[in-house]
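# Geometric and topological summary
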Amino acid sequence: MKSFTHFLPLLASLAAASPIDLTKAGLHNLFTRQDIQTPINASLPNITIFATGGTIASQGSTNTQTTGYSIGLGVQQLITAVPELLNISNIAGYQISNVGSGDINSTISLTLAHMINAELSKSSVSGVVVTHGTDTLEETAFFLSSTVNSTKPVVIVGAMRPATALSADGPLNLYQAILLAGSPAARNRGVMITLNDRIGSAFYTTKNNANTLDTFSSTEAGQLGSFVNQVPYFFYAPAEPVGRTVFDLANATSLAKVDILFAHQDMAPDLIDSAVQGGAKGLVFAGVGAGGISSKANVAAQAAFNATGVPMVASHRSADGLVPPTSDDDFIISSGYYNPQKARVLLQLGLTIGWGNEEIKEAFAKSLPVP
Ligand code: ASP
């Protein structure tokens, strides 16, 4: 059992530095949530934080513990731990969830999309920040990139070390995220991921290392910019990813179930039947090479497609690369540049708004750069 006394210095410092007026919102009881509004300074941008959990909201039992820690810091504690945030912004905060990012589900994702679209439509709000576990951060970032329609910055941020660690990365990552969300230079750049002084596109960035601070990158597309001495420097003018599709989910209350099947030597066919029987409305293969699955898995996939029409998308289990377009009569759809986890989100979105195979194919093909 973990000793609480380890947290006392941290909690004491959080309590001591508390210029923040906390009020319980209680808007609805889906999640434990609080509203936070820091004092308003009219010369600073208004930024809204949506906190979901993850390592950035975690504490270990010693300051050298960097795995096996527990999640639980609330949004007000994240803000209070970095009083410098009040020098650069007025912050409103919502606790959407407080979970490891493996537990982010359709309800949380849809809540984020609805609330962020509503928040950004207010002329008083300059930008929003989502705090999130790094493990599936790229999925939520891509989801928001596909569902939030605004020229204002949306920044998604996490940490690789818990708040109690020596050299915890969360506080500076959060500071930079707030700075970015309030920066005029960040407008028209869609949803961005920032950690470890880097600014990446939500469309292309992926988590590449399970443990290290420099885990977020996009080998092919590169970074959008980086922070030096707390100034965000961008390499290019704002640009739109060629494949981006924006979905209107205003009426959606759930997302279609899509499963990812990881291909390997001698991949068994029964996984496909089991996924379809388990209620999957779409399948994504993390295929070998450029989207391959074993011959016997292919036979099972064709049979399942013929019987049910469940769309099947071939992505790649390699970290990077693309799956070239398949021929028109092929029942498997190429994922183009989407990795399996992003392909799953895109397929979920398409199925949720009622797309058929042809529209799904077109949306994936859009990600391929025009030759
Ligand atoms: N280890 C994770 C993180 O880095 C935990 C999570 O994804 O929630 O945030």
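Nothing here was measured: the structure is a model prediction, and the numbers come from that model.

When you go through the protein chain residue by residue, the secondary structure sums to 10 helices and 18 strands. For 371 residues, the compact-globule formula gives about 21 Å, and the C-alpha radius of gyration of the protein chain, at 21 Å, lands near that figure. The dimensions of the protein chain, computed from C-alpha atoms along their principal axes, are 65 × 50 × 40 Å. Here the protein chain, with 371 residues, has 52% of them falling under the buried criterion. Excluding contacts between residues fewer than 6 apart, the proportion of contacts in the protein chain whose partners are at least 24 apart in sequence is 73%. Seen as two clouds, the 19 positive and the 25 negative side-chain charges of the protein chain have centres 6 Å apart.

Centre distance and the angle of the planes are the two values used to describe a pair of aromatic rings. Considering all chains together, one arrives at 9 aromatic pairs under this definition. Ring geometry for F235 and Y236: centres 6.4 Å apart, planes at 70 degrees, overall edge-to-face. Its relative accessible area of 59% is what places Y236 among the exposed residues. Between the aromatic rings of F305 and F331, the centroid separation amounts to 5.6 Å while the plane-to-plane angle is 35 degrees, which identifies the pairing as tilted. Placement of the pair is F305 in helix 8 (residues 295–308) and F331 in the loop between strand 17 (312–316) and strand 18 (332–334), with a sequence separation of 26 residues. Its relative accessible area of 18% is what places F305 among the buried residues. By the ring-pair criterion, three or more aromatic residues cluster together here, those being F142, F203, Y204, Y338 and F364. When the ring centre of F234 is taken as reference, the NZ or CZ atom of R189 above it lies at 3.7 Å.

Our focus in this paragraph is the nonpolar core. As a rule of thumb, nonpolar side chains are buried together in soluble globular proteins. Core analysis: the largest hydrophobic core is formed by 48 residues, its most contacted members being F50, I116, F143, L144 and F364. Where this core is concerned, the elements lending two or more residues are strand 6 (90–99), helix 4 (106–120), strand 7 (125–131), helix 5 (137–147), strand 8 (154–157), strand 9 (191–195), helix 9 (340–352) and helix 10 (357–365). Considering each element in turn, this core owes the most residues, 7 residues, to helix 4. Residue contacts for I116: discarding those within four places in its chain leaves F50, V128, V130, L144, V148 and V154. Of all hydrophobic cores here, the second largest spans 31 residues; its members include I36, A51, Y175 and F227.

Attention now moves to the sheet that holds strand 16 (residues 282–287). Spatial ordering of the open sheet is given by 15-16-17-18, a layout of 4 strands whose pairing is parallel. The open sheet is flanked by strand 15 (258–262) and strand 18, the only strands paired with a single partner. On average, adjacent strands in this sheet sit at an angle of 30 degrees to one another, irrespective of strand direction. Contacts from helix 7 (residues 270–277) reach strand 15 and strand 16, with the element oriented near 150 degrees to strand 16.

Taking the numbering used here, the UniProt-annotated feature "domain: L-asparaginase N-terminal" (unreviewed entry) corresponds to residues 46–232. The span residues 46–232 is 26% helix and 28% strand, and its two end C-alpha atoms sit 18 Å from each other.

So, about helix 6 (residues 170–181). End to end, helix 6 covers 16 Å across 12 residues, agreeing with the expected 16 Å (1.5 Å per residue, within 8%). Counting buried residues along helix 6, 10 of its 12 residues qualify, which places the element largely inside the surrounding structure. Of the residues making up helix 6, those classed as buried are G170, N173, L174, Y175, Q176, A177, I178, L179, L180 and A181.

On to the UniProt feature "binding site: substrate" (unreviewed entry) in the protein chain, then. In the numbering adopted here, UniProt assigns the feature "binding site: substrate" (unreviewed entry) to S101, T134 and D135. Taken along the chain, the residues just named run across 35 residues; in space they keep tight, none of their C-alpha pairs more than 7.0 Å apart. Structurally, T134 can be placed in the loop between strand 7 and helix 5. A relative accessible area of 4% means that T134 is categorised as buried. Ignoring anything within four residues of it in the chain, the contact list for T134 reads S101, G158, A159, M160, L195, K207 and F216. Not counting residues up to four positions away in its chain, the partners in contact with D135 are S101 and K207.

Positionally, S101 belongs in the loop between strand 6 and helix 4. Under the relative-accessibility criterion, S101 is labelled buried at 5%. A distance of 3.4 Å separates the side chain of S101 from the backbone nitrogen of D135, its partner in a polar contact. If we ignore the near neighbours within four places in the chain, the residues touching S101 are H132, G133, T134, D135 and T136.

Moving on, we get to the site of the ligand. Around the ligand, the neighbouring residues are G54, T55, Y69, G100, S101, G133, T134, D135 and A159. For the ligand, an oxygen atom lies 2.8 Å from a polar atom in the side chain of T55. Note that an oxygen atom of the ligand is positioned 2.4 Å from one of the side-chain N or O atoms of T134. For the ligand, the accessible surface in isolation is 260 Å², of which the surrounding protein chains cover 86%.

With that settled, consider the pattern of salt bridges. Side chains carrying opposite charge are able to pair once their charged atoms draw close together. Across all of its chains, the model carries 6 salt bridges by this definition. Across the pair K122 and E119 runs a salt bridge whose closest N-O atoms are separated by 2.8 Å. Residue K122 is classed as partly exposed on the basis of its relative accessible area, which comes to 37%. A relative accessible area of 7% means that E119 is categorised as buried. R244 is paired through a salt bridge with E240; the nearest N and O atoms lie 3.0 Å apart.

Conventions used here
Residues numbered from 1 in each chain as written. Predicted model: local features only at pLDDT ≥ 70, side-chain atom pairs only at ≥ 80, totals over all residues. Heavy atoms only, no water. Helix = DSSP H or I, 4+ residues; strand = E, 2+ residues; numbered from the N terminus. Rg over C-alpha atoms; globule rule 2.2 N^0.38 Å. Buried < 20%, exposed > 50% of the residue type's maximum accessible area, 1.4 Å probe, protein only. Contact = heavy atoms within 4.5 Å. Lys, Arg positive; Asp, Glu negative; His and termini not counted. Charge placed at Lys NZ, Arg CZ, Asp CG, Glu CD. Phe/Tyr/Trp six-rings, centres within 6.5 Å; stacked < 30°, edge-to-face > 60°. Lys NZ or Arg CZ within 6 Å of the ring centre and 35° of its normal. Core = buried A, V, L, I, M, F, W, Y, C linked by side-chain atoms within 4.5 Å. Pairing = 2+ DSSP bridges. Axes fitted to C-alpha atoms, helices over the stretch in contact; angles between N-to-C directions. UniProt positions renumbered as here; feature names shortened; annotations may be inferred. Expected span 1.5 Å × (residues − 1). Polar contact = N/O pair within 3.5 Å; in protein donor to acceptor, adjacent residues only side chain to side chain. Near = heavy atom within 4 Å. Areas by Shrake-Rupley, 256 points an atom, 1.4 Å probe, with all protein chains shown as cover. Salt bridge = Lys/Arg side-chain N within 4 Å of Asp/Glu carboxyl O.

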